[in-house]
Amino acid sequence: MPPPRLPRTGGRRFLKPVLYTSAFGTTGYILYRTLSPSPKHPSVPAQNIPYPPKFPPVPTRSEQISRLLRARPQLTSTAAPSTPEDEQKQYDLVIIGGGATGSGVAVDAASRGLKVAVIERDDFSSGTSSKSTKLVHGGVRYLEKAVKELDYAQYLLVKEALKERAVFLETAPHLSMALPIMLPIYTWWKAPYYWLGTKCYDFLAGAENLESSYFLTKGKAMEAFPMLKEEGLVGALVYYDGSHNDSRMNVALAMTAAQYGATVVNHMEVTELVKDDDGRITGVKVRDMLSEAKGRKGRKTPSEFVISAKGVINATGPFTDAIRKLDDPSTSEIVAPSSGVHIVLPGYYSPQRMGLIDPSTSDGRVIFFLPWQGNTIAGTTDAATLITQHPLPREEEINWILSEVRRYLAPDINVRRGDVLAAWSGIRPLVRDPNAKNTEALVRNHLINVSPSGLLTIAGGKWTTYRQMAQEVVDDAIKEFQLTPGPVNVEGSELLPFPGAVQIDGKCKTDKLKLIGAHGYSKTLFINLIQHFGVETAVAQHLAGAYGDRAWTVAALSEPTNLRFPARGKRLDPLYPFIDGEVRYAVRHEYAQTVVDVLARRTRLAFLNAQAALEALPTVIDIMADELKWSGERKEREWSETVAFLESMGLPKSKTGMTRKDVESGKARKFDTEEEYKLYSRHG
């Protein structure tokens, strides 16, 4: 008697796709394990040397301005050199913009032996470069798009970014780290889909992969991310990307360029592109933005002057078109600005070492939910915007992010508007190719363009690929301006060589060039700081992570507390590990010139908690006034300008009229109305 046949029931129809998916997944896993190389980890020493390496001090801001003044041609109607002496003083490159791209270009050019100047209107990373999602990533969603649309160009962009991610973590290990990111799964059939996608992401990274992605069961996912909504959860995929401290990274790039001999000046604006009789750009006219705000007597240098240069690079991000119009007022605009809002929530909203991605929000966008500096970042939005110096985050965008966060967290967690500690809007400079047939189409990666007069513009791109962008633009600049890289023989070369410096032979070596702070960094550096200076553990860990081997100097600049422990380091705010020594270090060694420079970009207090930044304001002003010899008028100006800036970081509007007396009396902690209390209070 033949065996009974299985009837064609709904169960059998259900079983077939499961078997196919399992077979496909097993085959994929075997291929992945066979072909994928082992992950490569950044080479960070496990143990620290007992004392920090010694480096020559970089020039002060005043000394850097003096260098610029020596590059003035004798005839200032144009910047063209009129004598051999003028030609020797001439810069090879003047880079306009001190963000991630401009500072990265400066590091590349200076480390090839070129004479370089960087001119930044505001401060390093004062714009888009400090307002990122803090990720160093290839882009899993870009990989998905490349596969779905069979887009080879998009695939290459992801592959390039994954390579640069590894370089990023290698050259600045104190400022960047690998971060596991969870993809929660609420539909069973998405498990093999996401698994295959994350394995492709791993495989594409090759030897530069950080860690292998893995699947978590429902129980393990809840254990790793207890705040997650449990109802309907099937499991989760975890993959790895990088996270970094963006503005500290930007400052490190600028100071590394200075260490390699570049002239680096912030708070200086390019007001004119100077041309010769043939219409070729031969330099720039600049104006010191602090000339009227100095607040101290005895200033002898001119506030506006001309700098002679063989080539000028425009690396101004969202403000790219403003510089291009200085060159040619009739030129078409290429930047399509997009606003991205992020909010900062208390650290208890996410695990300390696990992020989360929602690949399909209610309107189809992607949102990240990431631990950062002890708090939690959520974002980002994506909407067309106007270009402004300090864009304000809109309340509807903040509420949209909060609503998306609620969708993924447990229902017993009350996500409140009052939990938003800070919020900001960054302008992403998407670009159009002016030489393309369809000028409305956006460039997917970055754009390098040279105008008829010789203005070299670099625009677009993202933080992860800043180094590759810099390499490409310096390669183009050497050809366009007929420059001769090689052994350093320019002003500033007296700083070379220093411990750990790359050999200057004219070649690009930024994939191996350690940034300032990385040479003597180790994972146990914070222990040395505790034992040597008597600082708190949380403070020591923060200093090691933010400054690397320069943390020794920061701790040494901190005042004694007159306590048994901690012996040094007075906190700017009791909730955060930022201390007084960081303010002095920022002024003396990192060109900080305003209170916003310190609160927003040297420390990150304004990004972590706008209210705490307001309450720390009197202390920071007093320290900086002592360092920079500010007048009473300058101190008042710093107060009003900083409070106005904090409004763009999410400070309630009712607090923007606060005086110093109000803050010191504790009035800043109170709310005037019941409505304000409901919106912004942290409890109740």
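> Could you give me a rundown of the nonpolar core, with the residues and numbers involved?
The tendency in soluble globular proteins is for nonpolar side chains to be buried side by side. Membership of the largest hydrophobic core comes to 53 residues, with the highest contact counts inside it found for Leu93, Ile95, Leu114, Met249, Val264, Ile313 and Leu515. Taken together, the elements giving at least two residues each to this core come down to β1 (91-96), α4 (100-111), β2 (116-119), α6 (152-171), α9 (246-259), β18 (455-460) and α12 (466-480). No other element matches the eight residues that α9 contributes to this core. Among residues more than four places away in sequence, those in contact with Leu93 are Ala109, Leu114, Lys115, Val116, Ala117, Gly311, Ile313, Ala477, Phe481 and Leu483.

> Account for the pairing of strand β17 (residues 446-450), naming residues and giving values.
Of the pairings in the sheet, the one linking β17 to β18 comprises five bridges and is antiparallel in character. Bridge pairing in β18 places Ile448 opposite Ile458.

> Explain α4 to me, and be specific about the residues and the numbers.
Under the 1.5 Å per step criterion, the end-to-end length of α4 is 16 Å for twelve residues, consistent within 8% with the ideal 16 Å. Counting buried residues in α4 gives twelve out of twelve residues, a clear majority hidden from the surface. Listing the buried residues of α4 in full gives Ala100, Thr101, Gly102, Ser103, Gly104, Val105, Ala106, Val107, Asp108, Ala109, Ala110 and Ser111. Summarising the contacts, the buried residues of α4 are in contact with β1, β2, α9, β10 (304-314), β18 and α12. Positive phi appears at Gly113, one or two residues downstream of α4, with a value of about 95 degrees.

> Give a description of the pattern of salt bridges that names residues and reports values.
Applying the stated rule across the entire model yields 42 salt bridges. Put simply, Lys310 and Asp92 hold a salt bridge, and the shortest N to O gap is 3.2 Å. With Lys310 in strand β10 and Asp92 in strand β1, this pair connects stretches of sequence that are 218 residues apart. What makes Lys310 partly exposed here is its relative accessible area of 34%. Accessibility expressed as a relative area gives 10% for Asp92, which makes it buried. A salt bridge links Glu164 to Arg467; the nearest nitrogen and oxygen atoms lie 2.9 Å apart.

What counts as what
- Residues numbered from 1 in each chain as written.
- Predicted model: local features only at pLDDT ≥ 70, side-chain atom pairs only at ≥ 80, totals over all residues.
- Heavy atoms only, no water.
- Core = buried A, V, L, I, M, F, W, Y, C linked by side-chain atoms within 4.5 Å.
- Buried < 20%, exposed > 50% of the residue type's maximum accessible area, 1.4 Å probe, protein only.
- Helix = DSSP H or I, 4+ residues; strand = E, 2+ residues; numbered from the N terminus.
- Contact = heavy atoms within 4.5 Å.
- Pairing = 2+ DSSP bridges.
- Expected span 1.5 Å × (residues − 1).
- Salt bridge = Lys/Arg side-chain N within 4 Å of Asp/Glu carboxyl O.

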